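Observations on the model geometry
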Amino acid sequence: MKYTVYFLLTILLFISCKKTPEKALSTYTPLRGNITQKAMVVSAREEASKIGTEIMKKGGNAFDAMVATEMALAVAYPFAGSLGGGGFMVYRKADGETGALDYREKAPLAATKDMYLDENGEVVSEKSQVGALAIGVPGTIAGIFAVHKKFGTLPIEEILTPVVALANRGFVITEKQKLRFDHFKDLFIEVNKDTILFANSFNTGDTLKNKQLAITLERIIKNGASEFYTGETGKKLVNRVQEYGGIITMEDLAKYEAKWREPVRFTYNDLSIISMSPPSSGGVCLAQIMKMIEPYDLSKYGHNQTKTIQVITEAERRAYADRSFYLGDPDFTKIPIDTLIGEPYLQERMADFSFEKATLSSAINCGMIPGYESDETTHYSIVDQFGNAISVTITLNGAYGSKLYAPEIGTFLNNEMDDFSAKPGVPNMFGLIGAEANAIAPEKRMLSSMTPTIVEKEGKFWMSVGTPGGSTIITSVLQTILNVKEFGMTMQDAVNAPRFHHQWLPDVVVFEPNLFDTAILDSLRQKGYKIDEETSKIIGKVDGILVLPDGTLEGGADRRGDDTAVGF
C-alpha cells in the first residue's frame, strides 16, 4: 500500500472556525492562561504537567522537572513522546547563563547516502518513513541523563517513580487521542505484523495502562542511561529493529552521546532571543526571519493584516531557501551562521521585496556567500521557583514515528531518517527540500525544524516558547513571539491566534482555514500570492510561559491540542 505518513488530522478542526474577519484586538477581552506565582509546566498532557510541577514542589528545579515531564509524555503522549526519539533543550539559568542540549537521533553506522533510492536512483519515500529502516539511533534517554548529571538536584529514583506509577495506573484517553489511535490502527498492525497495545479498540475516557513501559523505566532507574544503551533494554530494542529489517546495532547505541551546544542568540528590537543551534534549523531560521522583518512596523500594519502577512511571508521564503542549502549537522558540515544571521546579508536578502507583488520562489535561491557552495513533535516549557527556565522540543518525527512498536520496552520508535535529504532536491514528508549539507552519513544527525526558544527582555527572562508542527514549527514560534511583542496579546491569546506559513517550496502560503479575513486573502491573491486553506487544518500547538509585569507567570496552552498549564 502507499503509506500516507504526513497525516493531517482533518477531523481536529477548530470548534470556533468562522468565515468572518478577525476583529481588532481592542474589541476583545484578553484571554489569560493559567497564572501562577512561582513555577509552571506547560505541556501536551495534563498528567505530564502535573508530574513536572510536583517535582518542583518537592524542591526540585526545572531540570529535574524536565526529566519527569519528558518521561511522563512518553507514557501519556505516545503520539510524539517516547524513549525511542530525541530532542533539543534550550535553557536559561537564574544567573543568566544560557546553553543548549542536542539529543537528536543519529544515522546508524551502516547507513549510506543512497539507502532510500531504488535501482533508478529515485527516492522510495516509504523506506525512510515507515518501518525499521526509518529509525535513527534514539537520543532521549541520553538527553535526560545528561541534563540530570549537569543540573539535577533530586535523585533520579525520586524523579522517575511518579512516572512509573503513571504507566502502571494508566492515563485517560482523550477524544483527540482516540481519533488518532483509530486512524492509525490498521497501519500499526501492518507495520508490526501483529496487533500492539495501541491497536486495541478504545473509547474516549478509557484508561490505558503500559505495564511494560513501567518495567523498562524501573530498569532505567536502577541502571541509569547504560540500561538503554548497553543493557537489557538496548538489546531488546536492537533485536526488535533487526527482526523487522532495520540496521541499528548495539554498537550504534553504545556510541551515542548527547551534545552540549552553544545556542543561537540574536536581538529583535529590545528583546534578546536564545534558540536552538544546528543540527536544528530553528534558531538560524528564526533569527533570519526576525532580523529581516525588524525594520518594518508590524504593530502599525496590524495583526494578520495584508502588509504584515506579506513581510513575514517574504522573510520566511528567503530563510527557508537558505535552510535547504546551508544547514545540517555542524559536526559534518561547515555552517556560516554568523553570516547567515548578520544584518548586511539579511538586508541584501530583502532588497528585492516589494509590497506591490509577491516574490516568486522560483526566483529565490539560497543567498550567495563567498567560499560556500519536521509535525508530529511535542513541546514543553518549564520555569521553576529559583528562576531557571527551559524550553524543550522532542519528537518521533511522524505520528508515532516509524509505527514500529517495541512491545518488550513499551515504546514506539522514531522515523527520523526521513529528515535527511534522501536525494538533493527531493522533498521529505514535510515538503522540505534539502541539499548535500543534510545528506545521509553514518553517525550524522539529521536536520530538524525544532525551535525551543527563550526570550529575554531588559536582561531578564521573559518568555519560554516552542511547538510541534514539522516545517511549521519555526513560523509558529515566530508568530507567537510577535503576537505578544508587536500586538500586545496575552500568552494564551498569542498561542491561540490564527497562523499562516510559508516555506519557500512549494510556493504557497498556508493559512488555517476560515480564520482569516477573506478580503485580505483576496488582496494577497491579487498581488500574486498562492493561497492554501486546505492543506493544513492546524499549524503548530504552541506551549509558552510569559513573565507578567508583576512577576507572576502566565501559561499559554494551545487550544488546538490537549495541552495544559500547571503550576504553583
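What counts and how
Residues numbered from 1 in each chain as written. Predicted model: local features only at pLDDT ≥ 70, side-chain atom pairs only at ≥ 80, totals over all residues. Heavy atoms only, no water. Phe/Tyr/Trp six-rings, centres within 6.5 Å; stacked < 30°, edge-to-face > 60°. Buried < 20%, exposed > 50% of the residue type's maximum accessible area, 1.4 Å probe, protein only. Lys NZ or Arg CZ within 6 Å of the ring centre and 35° of its normal. Pairing = 2+ DSSP bridges. Helix = DSSP H or I, 4+ residues; strand = E, 2+ residues; numbered from the N terminus. Axes fitted to C-alpha atoms, helices over the stretch in contact; angles between N-to-C directions. Parallel < 35°, antiparallel > 145°, perpendicular 65-115°, else oblique. Left-handed = near helix turned anticlockwise from the far one by under 90°. Contact = heavy atoms within 4.5 Å. Nonpolar A, V, L, I, M, F, W, Y, C, P; charged D, E, K, R; others polar. UniProt positions renumbered as here; feature names shortened; annotations may be inferred. Polar contact = N/O pair within 3.5 Å; in protein donor to acceptor, adjacent residues only side chain to side chain.

1. Details of the packing of aromatic side chains
Scanning the model with the defined rule gives 28 aromatic pairs in all. Arranged with centres 5.8 Å apart and planes meeting at 65 degrees, the rings of Tyr77 and Phe79 form a pair that is edge-to-face. For the pair shown, Tyr77 and Phe79 are each scored as buried. An aromatic cluster is built from Tyr77, Phe79, Phe181, Phe184, Phe188, Phe198, Phe202, Tyr400, Tyr405 and Phe412, whose rings are joined through pairwise contacts. The ring of Phe79 is capped by Arg180, whose NZ or CZ atom sits 4.6 Å from the centre of that ring. The ring of Phe355 carries the charged tip of Lys307 above its face, separated from the ring centre by 5.0 Å.

2. Focus: the sheet that holds strand S2 (residues 40-43)
Reading across the sheet, the seven strands line up as S7-S4-S3-S11-S10-S2-S21 and stay open at both edges, with antiparallel pairing between neighbours. At either margin of the open sheet sits one strand with a lone partner, and together these are strand S7 (259-261) and strand S21 (564-567). On average, each strand axis in the sheet is tilted by 15 degrees relative to the strand beside it, whichever way the strands run. By the bridge criterion, four bridges tie S2 to S21 in an arrangement that is antiparallel.

3. Considering the packing of helix H2 (residues 62-76) against helix H5 (residues 156-169)
Contact pair H2 / H5: the axes reach a minimum separation of 9 Å and the direction vectors enclose 20 degrees. Classified by the angle between their axes, H2 and H5 sit roughly parallel to one another. When the axes of H2 and H5 are compared, the crossing they make is right-handed. Between H2, through Asp64, Val67, Ala68, Met71, Ala72, Val75 and Ala76, and H5, the contact on the second element is made entirely by Ile156, Ile159, Leu160, Val163, Leu166 and Ala167. Among the residues making up the contact of H2 with H5, the classes are represented as twelve nonpolar, no polar and one charged.

4. What to know about the UniProt feature "active site" (unreviewed entry) in the protein chain
If you check UniProt for "active site" (unreviewed entry), the listed places come out as Thr377 in our numbering. Locating Thr377 in the fold gives a position in strand S10 (residues 377-383). On the basis of relative accessibility, which here comes to 1%, the residue Thr377 falls in the buried class. Of note is the side chain of Thr377, whose polar atom sits 3.3 Å from the backbone nitrogen of Gly469.

5. Quick word on the sheet that holds strand S14 (residues 453-457)
Read across the open sheet, the seven strands follow the order S1-S20-S19-S15-S14-S9-S8; overall the sheet is antiparallel. Bordering the open sheet on either side are strand S1 (34-36) and strand S8 (264-268), each of which pairs with just one other strand. Ignoring which end each strand starts from, the neighbouring axes of this sheet average 20 degrees apart. Examined bridge by bridge, strand S9 (residues 271-275) and S14 share five bridges and lie antiparallel to one another.

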